[in-house]
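Structure at a glance
The primary structure of each chain is shown beneath.
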Protein chains: 2
Amino acid sequence: MDDLALPLKAIADPVRLQILEFLHAPVASCCSRGDGVCGCDFEQLLGLSQPTVSHHMKLLVDAGLVRAEKRGRWVYYDLEPAAFAAIADRLARFAHAPRRVAT
Amino acid sequence: MDDLALPLKAIADPVRLQILEFLHAPVASCCSRGDGVCGCDFEQLLGLSQPTVSHHMKLLVDAGLVRAEKRGRWVYYDLEPAAFAAIADRLARFAHAPRRVAT
DNA sequence: TCGATGTATCGATGAGCGTCTATGCGAGTG
DNA sequence: CACTCGCATAGACGCTCATCGATACATCGA
């Protein structure tokens, strides 16, 4: 119920949605390797400053939606599929309404 | 992509999540009838003022998540199952990552 | 060891949002 | 018709958040 608000708030932002889309299907990258996306790519992709990108990444990681792995000087990001599956399930419940009015 | 932000922002709030939960499985109501929930019920359920409740309802309706039907003096609210199914599908995509890095 | 580079943190600022009180509108009820 | 009641709107206040520049930290290469 309430724990849904945290990850949903993290997703409910155009910038972070774009980040998730890119993590889901990455395109060109300066130092990505196929098993993760380098953080420096987002700076150019989103047209935002580096601190802002770092801020959004922290939110996504704290919400459990994205996994961050530090490899040497870079940080590689990847989606956390289980988190999205859980949220999707919770929302799908509203699509199958029991609609019984108790007294 | 971006059209997801609007409904997600509407859901990503503890108060509105509680409203959705109640619409999904209503309990006691002063004037509900089984095919919708009277707006006056939320005021007491949420412990918020009437204008605040009206504000949240407007957000949910504008996001296409809730349907409002005016019957006489009251307004009855109901979930819009298709909207939640669509959002759940979009989020479920992130749980099934293609993970192909194009150049 | 020193400089370069990627990232995180700090402080400030401006916009957006949730909440309230006060008020207006519409529809029943006496 | 006048009054009541449910709901919507307007304006204001406080808080959160997205964003930036400046700076600190960490790691790699020369």
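Residues numbered from 1 in each chain as written. Chains lettered and ligands numbered in written order. Predicted model: local features only at pLDDT ≥ 70, side-chain atom pairs only at ≥ 80, totals over all residues. Heavy atoms only, no water.

Turning next to the protein's contact with DNA strand C. The environment of DNA strand C is formed by 22 residues, the closest being Gln50 of chain A together with Lys9, Arg16, Thr52 and His56 of chain B. Of everything in DNA strand C that lies within 4 Å of the protein, sugar and phosphate atoms constitute 68%. Take glutamine 50 of chain A: an N or O atom from its side chain is 2.8 Å from a base nitrogen of DNA strand C. Between serine 54 of chain A and DNA strand C, the recorded distance is 2.9 Å, taken from a side-chain N or O atom to a phosphate oxygen. Mapped by element, the contributors of at least two residues to the surface near DNA strand C are helix 4 (50-62) and strand 3 (74-79) of chain A together with helix 2 (14-24) and helix 4 (50-62) of chain B. (Near = heavy atom within 4 Å. Polar contact = N/O pair within 3.5 Å; in protein donor to acceptor, adjacent residues only side chain to side chain. Helix = DSSP H or I, 4+ residues; strand = E, 2+ residues; numbered from the N terminus.)

Turning our attention to the pairing of strand 2 (residues 66-71) of chain B. On any regular strand, side chains alternate: one points to one face of the sheet, the next to the other face. Residue and element names in this part refer to chain B. Looking at chain direction, strand 2 and strand 3 (residues 74-79) are connected through six bridges and run antiparallel. By the bridge assignment for strand 3, alanine 68 is matched with tyrosine 77. Between strand 2 and strand 3, which pair antiparallel in sequence order, lie two residues; one of them, glycine 72, sits at a positive phi of approximately 65 degrees. (Pairing = 2+ DSSP bridges.)

Next up on the list: the protein's contact with DNA strand D. Near DNA strand D lie 24 residues; those nearest to it are Arg16, Ser49, Thr52 and His56 of chain A together with Ser54 of chain B. For DNA strand D, the backbone makes up 68% of the atoms found within 4 Å of the protein, where backbone means sugar plus phosphate. For DNA strand D, a phosphate oxygen lies 2.6 Å from a polar atom in the side chain of serine 54 of chain B. The contact in question runs from a phosphate oxygen of DNA strand D to an N or O atom on the backbone of valine 75 of chain B, over 3.4 Å. Listing elements by their share of the surface near DNA strand D, those giving two or more residues are helix 2 (14-24) and helix 4 of chain A together with helix 4 and strand 3 of chain B. At five residues, the largest contribution of residues to the surface near DNA strand D is made by helix 4 of chain A.

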